[in-house]
Amino acid sequence: ALASALPTAQAFRLCGGSGPPYPQYALSRDPASGALWASCRQQARLHRISPASGETRAILRLTSTPYSIAAGLGAVWSAERGPVVNRIDLRTGRGTTAVSGGGFSYIWTAAGSVWAADDEASALMRYDPAGAKTDVFRQYTGRTNGLAMAKDGTVYGAQEGGRRVVQCLKDG
């Protein structure tokens, strides 16, 4: 482990120390297993990390280069700052296209859906993996690059363009 600037935190190297610091959207916690997943974009790798020890437990070589990831719903989902959202199989590392057609940069899982910010269309997309359906949840999102969901299912978005947090009503 590396020395950390935070007194109670552990730090460790990941992605071979190459490239710029990796942003918060390159790390995701799987709510079902508790495992941490981190993407190394330049190496096209996905690491499963033990939260208890900081050890890398698995390295998947990917067929894509994720910009942001979200773990949940039995997979790791990735957006590449382009027109595709991939579902990454946790055994093989192979990605299959789940959603296509936008300029997807950020991705989350919540309330049984995969959520993707389409920066080009300024829209928040919702994908239902069970029914393989995609819809526009909210249009004119002000470049939403953060998403949180309350226990009651209310969606909140952090707007980069508007520099504010907005509440999305159930109908978008």
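Computed from a predicted structure; not experimentally measured. (Residues numbered from 1 in each chain as written. Predicted model: local features only at pLDDT ≥ 70, side-chain atom pairs only at ≥ 80, totals over all residues. Heavy atoms only, no water.)

Each helix and strand counted, the protein has zero helices and 14 strands in total. Ordered by position in the sequence, the α and β elements of the protein form the string β-β-β-β-β-β-β-β-β-β-β-β-β-β. Counting over 172 residues, the protein shows a buried share of 41%. By sequence separation, contacts in the protein at least 24 residues apart represent 31% of the contacts at least 6 residues apart. When the accessible area of the protein is evaluated, it comes to approximately 9,400 Å², of which 50% is carbon and sulfur surface. (Helix = DSSP H or I, 4+ residues; strand = E, 2+ residues; numbered from the N terminus. Buried < 20%, exposed > 50% of the residue type's maximum accessible area, 1.4 Å probe, protein only. Contact = heavy atoms within 4.5 Å. Areas by Shrake-Rupley, 256 points an atom, 1.4 Å probe, with all protein chains shown as cover.)

With that settled, consider the layout of surface pockets. Reported here for the second largest pocket is a volume of approximately 250 Å³. Around the second largest pocket, the lining comprises 19 residues; the ones closest to its centre are S28, A70, I107, W108 and T109. Those elements that provide at least two residues to the lining of the second largest pocket are β1 (27-29), β5 (68-72), β8 (95-110) and β12 (144-149). Taken together, the residues of the lining of the second largest pocket sort by class into 13 nonpolar, five polar and one charged. (1 Å grid on protein atoms, 1.4 Å probe; cavity = no way out; pocket = protein on both sides within 12 Å on 5 of 7 lines; lining within 4 Å. Points joined across faces, edges and corners; volume = space filled by probe spheres on them. Nonpolar A, V, L, I, M, F, W, Y, C, P; charged D, E, K, R; others polar.)

Two faces make up the sheet, and in a regular strand the side chains alternate between them. Judged by how many residues are buried, β5 sits mostly within the fold: five of five residues are covered. Along β5, one buried face is formed by S68, A70 and G72 and the opposite face, lined by I69 and A71, is buried too. Of the pairings in the sheet, the one linking β5 to strand β6 (residues 75-79) comprises five bridges and is antiparallel in character. Paired with A70 across the two strands is W77, which belongs to β6. (Pairing = 2+ DSSP bridges.)

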